Amino acid sequence: MIFQINFKSGMPIYLQLVDQIKAAAASGALRPGEALPSIRPLAEELRVNRNTVAKAYSELESLGVIETHPGRGCFLNETHSALRKEVRRKLLIEEIDQAIVQAHHLQVPRPEFLELIHERMDVLDSKRRANEDHKED
Amino acid sequence: MDSATPVIQIENLAYAYGRAEAVHDLSLKVQPGRCYGLFGRNGAGKTTTMKCLLNLLRPQRGQVRVFALDPARAEVAVKGRLAYVPDQVVFYPWMSVRETLDYLASFRERWNRKTEQELLERFRLDPAQRTDALSKGQGTQLALIAAICPETDLLVLDEPTSGLDPIVRREFIETVIGAYQEGNPGNRTIFVSTHLISEFEGLIDEFTIIDRGRVVVTLDSDQARERFQKIRARFAQSPPELDLKAALRVRREGRELELIVNGAGPELLERLRQHNPEALTTESLTMEEIFFATLKS
């Protein structure tokens with residue numbers, strides 16, 4: 001997978017990596033059991049501190065998104081959420097609340113916001129389907 | 001992390017060349033495993049500070065400690081645990097690349113031959129080449145190999161990439177991340193001075209900006225990106241009169257406003273929102289923009 005670091009986003013770099021891997025897992029760009037790039041080549045390629053990539057991977061591991069097999073590398077977990085349901089919901093609620101606050105400030109009314117959510121879910125679904133079709137080829 | 005013994009500790013350092021004060025009351029602390037940047041314009045006091053760490057200069061006031069040791073009293077112990085790439089690299093001109101590396105290795109307790117070979121290949125350096133026939137970029141690459149092979153706990157880089165072409169600069173940084181950091185993950189410390197800030201942006205954990213020998217600001221990189229923001233607002237009519245004193249800088253252009261803020265972002269955003277802007281965006285400043293913003297204000 002290809003990562004994109006944005007120094008202007010205000011988000012710590014390790015969290016940008018965490019989010020991109022989670023997004024890749026959700027869209028099917030990264031499939032269960034698939035390997036993540038090793039820390040050293042990824043850090044070199046992005047020209048970010050090696051420890052930043054290591055921090056992102058250990059965060060993903062503690063969230064149950066990836067697994068580390070010593071000597072072999074990191075892999076996307078087969079069931080890529082080992083978290084309990086309440087915890088998962090709580091994490092999601094925080095993100096949703098942020099989006100709602102943002103929608104308010106950008107003067108996007110409720111129906112349009114809800115419509116947008118449906119639209120984005122459809123987009124991600126179709127991406128995932130495209131990836132799965134590709135897998136069967 | 002803060003409880004660990006700092007790898008570098010500088011307290012109230014002052015140094016003057018005759019009556020020209022190069023460093024004035026400078027203090028900073030570098031924790032193990034961190035990559036620490038010292039940013040400043042030419043003549044800001046970066047090299048003088050570095051030279052005090054390496055006992056190339058003696059502090060006139062204040063003190064420096066490296067691995068909790070005084071570099072002036074324990075020079076061998078300190079230098080055995082660090083490697084240094086200066087801004088101007090000099091080798092014995094009659095030696096070949098091979099002879100130079102062997103000569104430098106003879107002063108070191110450890111020397112990783114495998115890393116040496118990998119880096120010679122990566123940089124396409126010919127071991128038989130005499131050092132006086134190397135280009136500036138190749139000279140820096142040789143100095144970097146000599147700094148990485150001893151596998152020291154601390155790597156000190158003084159303006160390492162200035163005057164090099166963009167490809168060599170990029171390879172240099174990749175090598176520091178890969179060959180150096182990977183050698184002992186999480187435990188290798190880097191102290192780098194530079195005015196080419198954007199190249200090191202992803203590598204730096206913490207930095208100090210100095211100007212005319214004085215500390216302007218010390219920041220953790222993640223916190224810096226959170227605190228320093230550029231806010232842009234566009235209004236339907238010309239921007240209302242607002243109290244924007246909390247901003248570092250304000251630009252007005254027609255119906256648009258651009259603010260540079262340090263920490264006052266949320267408060268100013270709220271004030272702007274009350275006037276129903278047509279558009280309101282924020283982005284973080286890059287380290288280089290923070291450098292400009294703090295030196296101008």
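In this text, all values refer to a predicted model and were calculated from it rather than measured experimentally. (Residues numbered from 1 in each chain as written. Chains lettered and ligands numbered in written order. Predicted model: local features only at pLDDT ≥ 70, side-chain atom pairs only at ≥ 80, totals over all residues. Heavy atoms only, no water.)

Asker: Residue-level account of the sheet that holds strand β1 (residues 8-17) of chain B, with values.
Answerer: All names here are of chain B. Strands sit in the order β2-β1-β4 across an open sheet of three strands; the sheet is antiparallel. Looking at which strands have only one partner, the edges of the open sheet turn out to be β2 (20-30) and β4 (61-66). Each strand axis lies, on average, 25° off the axis of its neighbour in the sheet, ignoring direction. Note that β1 and β2 share seven bridges and pair antiparallel. From the neighbouring strand, L13 faces β2, where its bridge partner is L26. Strands β1, β2 and β4 of the sheet are contacted by helix α1 (residues 46-53), whose axis makes an angle of about 120° with β1. (Pairing = 2+ DSSP bridges. Helix = DSSP H or I, 4+ residues; strand = E, 2+ residues; numbered from the N terminus. Axes fitted to C-alpha atoms, helices over the stretch in contact; angles between N-to-C directions. Contact = heavy atoms within 4.5 Å.)

Asker: Break down the packing of aromatic side chains for me, citing the residues and quoting the values.
Answerer: All names here are of chain B. Under the criterion given, the structure shown has seven aromatic pairs over all chains. Between the aromatic rings of Y92 and W94, the centroid separation amounts to 4.9 Å while the plane-to-plane angle is 35°, which identifies the pairing as tilted. For W94, a relative accessible area of 52% puts it in the exposed group. The structure contains a cluster of three or more aromatic residues connected by ring pairs, namely Y92, W94, Y103 and F107. (Phe/Tyr/Trp six-rings, centres within 6.5 Å; stacked < 30°, edge-to-face > 60°. Buried < 20%, exposed > 50% of the residue type's maximum accessible area, 1.4 Å probe, protein only.)

Asker: Can you lay out the packing of helix α5 (residues 136-148) of chain B against helix α6 (residues 166-180) of chain B for me, pointing to particular residues and giving the numbers?
Answerer: Residue and element names in this part refer to chain B. Interaxial distance between α5 and α6 falls to 11 Å at its minimum, and their mutual angle equals 5°. In terms of axis orientation, α5 runs roughly parallel to α6. Residue-level contacts link G137, T140, Q141, L144 and I148 of α5 to V168, E171, F172, T175, V176, A179 and Y180 of α6. Among the residues making up the contact of α5 with α6, the classes are represented as seven nonpolar, four polar and one charged. (Parallel < 35°, antiparallel > 145°, perpendicular 65-115°, else oblique. Nonpolar A, V, L, I, M, F, W, Y, C, P; charged D, E, K, R; others polar.)

Asker: Account for the environment of A:A23, with residues named and values stated.
Answerer: Summarising the element assignment, A:A23 is placed in helix α1 (residues 13-27). Along the primary structure A:A23 and A:L124 are separated by 101 residues, whereas in three dimensions their C-alpha atoms are 9.6 Å apart.

Asker: Break down the side chain of B:T115 for me, with residues and values.
Answerer: Relative to the elements of secondary structure, B:T115 occurs in helix α4 (residues 113-122). Judged by its relative accessible area of 13%, B:T115 is buried.

Asker: Tell me about the sheet that holds strand β10 (residues 228-234) of chain B, and name the residues and values.
Answerer: All names here are of chain B. Pairing is antiparallel across the open sheet formed by four strands, whose spatial order is β11-β12-β10-β13. One side of each edge strand has no neighbouring strand; the edge strands of this open sheet are β11 (249-253) and β13 (279-284). With direction set aside, neighbouring strand axes in the sheet form an average angle of 15°. Packing against the sheet, helix α10 (residues 287-296) makes contact with β10, β11, β12 (256-262) and β13, and its axis sits at approximately 90° to β10.

Asker: Go over the interface of chain A and chain B with me, naming the residues and quoting the values.
Answerer: The interface of chain A with chain B comprises 16 residues on the first partner and 28 residues on the second. Between chain A and chain B we count five salt bridges in total. Here chain A is connected to chain B by 13 residue pairs in polar contact (both at pLDDT 80 or more). Top element by residues in the side of chain A that touches chain B is helix α2 (residues 39-46) of chain A. It accounts for three residues. Tallied by class, the residues present in the side of chain A that touches chain B amount to five nonpolar, six polar and five charged. (Salt bridge = Lys/Arg side-chain N within 4 Å of Asp/Glu carboxyl O. Polar contact = N/O pair within 3.5 Å; in protein donor to acceptor, adjacent residues only side chain to side chain.)

Asker: Residues and numbers for the environment of B:T140, please.
Answerer: All names here are of chain B. With respect to the element layout, T140 can be found in helix α5. Looking at T140, the relative accessible area reads 4%, which means it is buried. Taking the C-alpha atoms as reference points, T140 and F172, separated by 32 residues in sequence, lie 8.7 Å from one another. Beyond its immediate stretch of four places on either side in the chain, T140 contacts V89, P160, L164 and F172.

Asker: Describe the pairing of strand β2 (residues 73-76) of chain A, with residues and values.
Answerer: Sheet analysis places strand β1 (residues 66-69) of chain A next to β2(A), joined by four bridges and oriented antiparallel. Residue pairing in the sheet places A:E67 in a bridge with A:F75 of β2(A).

Asker: How would you summarise the pattern of salt bridges if you had to cite specific residues and measurements?
Answerer: The final tally for this structure, using the stated rule, is 36 salt bridges over all chains. Across the pair B:E174 and A:R47 runs a salt bridge, and its minimum N-O distance is 3.8 Å. Of this pair, B:E174 sits in helix α6 while A:R47 sits in the loop between α2 and α3 (50-62), on two different chains. Judged by its relative accessible area of 16%, B:E174 falls in the buried class. Take A:R47: its relative accessible area is 22%, and that puts it in the partly exposed class.

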